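# Structural overview for review
Below, each chain spelled out in residue letters.
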Amino acid sequence: MSYPKIELHVHFEGTVQASTVLEIARRNDVALPVRNAHELADLYRYRDFAHFVTVWVLTTQVLRRADDFRRIVVEYAREASAYGALYVEGIFSPAEPVRRGSSWEEVFEGYCDGAQEARELHGVEVQLTPDITRSYGLDEAELVVRYAAAYRDRGVVGVGLGGPEVEHPPTPFEHVFRLARENGLASVPHAGELAGVDSIRDSLERLGAHRIRHGIRAVDDTGLVRELADRRTVLDVCPISNLRIGAVRSLEEHPLPHLMAAGVLCSLSTDDPALFGTNLHDEYEAARSLGLRARDFYEAGVEGALCDGPDPRTPPQQGKGVRLGCSRPFVRRAPDAGLIVRSPSGSALTAAAMAAVSRISLRLLLRRSPDSGYRPSLGPRDPR
Ligand SMILES: [Zn+2]
């Protein structure tokens, strides 16, 4: 049986191909330290962590306008769709472009437009989980949450925590994640990638994590492994990223098989595919070489996906008279009428009701997919 892919841990800034960086840099009049596309492609070839940071900064500094953010979501959705992805929960770090002069609205509008276009053009459901940058201030962290809450009805479903984990532990962000949860946003921090067990425990207990991005260092504490399995907390694992960053010494030593054998639910993702020279196909091949099955990643993906309202205190509202089912309502954006939402039968819904129905329907769609003969479409960019 062919299983569609559910990717829950990918940074849009880390998906941008060198050719796109070059085009956007030209349009935004940003100078790059290369003379042509060939040199840029060479610069993109992963060498070590310091080089990763250089390329991350280079990529993110060219992204300035709403259309830049929209474009990179749509381009990645096309790529992910070619590899069989049905659902992507994408990350972006809004405070970085804001520090460079973009407005919060430009950033959120751009990514939300991208998610909508990805759905319409490529059939990939994209939901968004902006990251709080751990090395920035708490004021900026709170602004990420406030904007995320304001864009909930346009596909923002959670808030994450990213950046240097060792130097910036989770605890100072406790109240910010409480605010997020009070606003119906899930908590999806990075933890246990380079820092250890305490980072994961604090993320669960202080940040109320619904899932953990990476979480692989849980393997160092059998009690924590048991707890993650018992609570059914999904870890969004990215083996090739871990290898490139040096979080594991070799693929053969990756803790993923051990975690899964112990009953921990793990989804499989690329993290920063363009920067790490990976893609969804390669991640699944790497996992297969470790004896792991696509089915288990799919099932963990369904369990972990934030598609039906993450917080039981703010259950999604159902629109009156709306039938739930696998045919998702569609959304069309009229030029100057804001968001026009219609159910499959054509009756208008409120945006909030649409978001709720869409998420519940999506859950049903994901659960049914393997048995409904779903076959990933292979686009022109699939190298297979
Ligand atoms: Zn990440």
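Everything quoted here is computed from the prediction, not taken from an experiment. (Residues numbered from 1 in each chain as written. Predicted model: local features only at pLDDT ≥ 70, side-chain atom pairs only at ≥ 80, totals over all residues.)

## What about the overall build of the protein chain?
For clarity, the threshold we go by: Secondary structure follows DSSP: runs of H or I at least 4 residues long count as helices, runs of E at least 2 residues long count as strands, and numbering of each begins at the N terminus. A residue is called partly exposed when the number of other C-beta atoms within 10 Å of its own lies between 12 and 20, exposed at 12 or fewer, and buried at 20 or more, with C-beta atoms placed from the backbone. Here, residue contact means that the backbone-derived C-beta atoms of the two residues sit within 7 Å.
The number of helices and strands found in the protein chain is 16 helices and 12 strands. Looking at the protein chain residue by residue over its 384 residues, the buried ones come to 49%. Restricting the contact set of the protein chain to residue pairs at least 6 apart, pairs at least 24 apart contribute 75%.

## A look at the environment of Pro 239
Turning to its location among the elements, Pro 239 is positioned in helix α11 (residues 239-245). For the pair formed by Pro 239 and Asp 282, sequence separation is 43 residues and the distance between their alpha carbons is 9.9 Å. Residues in contact with Pro 239, not counting those within four places in the same chain, are Leu 251, His 254, Leu 256, Glu 283, Ala 286 and Ala 287.

## Details of helix α8 (residues 174-182)
For clarity, the cut-off: The arc refers to the directions leading from the helix axis to the C-beta atoms.
Among the residues of α8, those classed as buried are Val 176, Phe 177, Ala 180 and Arg 181. Seen along its axis, α8 keeps its buried residues to an arc of 140°; they face one direction. On its buried face, α8 is in contact with β4 (131-133), α7 (138-150), β5 (158-162) and β6 (186-187). Directly after α8, the chain includes Gly 184, whose backbone phi takes a positive value near 80°.

## Looking at the confidence of the model for the protein chain
Regions with low pLDDT should not have their predicted coordinates read in detail. Defined as follows: What pLDDT conveys is the predictor's confidence in a given residue, as a value from 0 to 100.
In the predicted model, the protein chain carries a mean pLDDT of 84, and the fraction of residues at 70 or more is 80%. The low-confidence segment residues 309-352, where pLDDT is below 50, has 73 contacts with residues more than four positions distant or belonging to other chains. Here residues 371-384 is a poorly scored stretch, pLDDT under 50, and it has 16 contacts once near neighbours within four places are set aside; other chains count.

## Description of the pairing of strand β9 (residues 234-237)
Put simply, side chains in a regular strand alternate between the two faces of the sheet. We count it as follows: Each pair of strands is called paired provided DSSP finds at least two bridges between the two strands. Handedness is read with the strands pointing away from the viewer; a crossover is right-handed when the path from the first strand over the helix to the second is clockwise.
Where burial is concerned, the two faces of β9 agree: the one with Val 234 and Asp 236 and the one with Leu 235 and Val 237 are both buried. Judged from the 3 bridges that link them, strand β8 (residues 211-214) and β9 form a sheet pairing that is parallel. Within β9, the position partnered with Ile 212 by the bridge is Leu 235. Handedness of the crossover is the feature at issue here: the chain leaves β8, passes through helix α10 (residues 222-231), returns alongside β9, and the resulting connection is right-handed. In this sheet, strand β10 (residues 266-268) lies alongside β9 in parallel orientation, the contact comprising 3 bridges.

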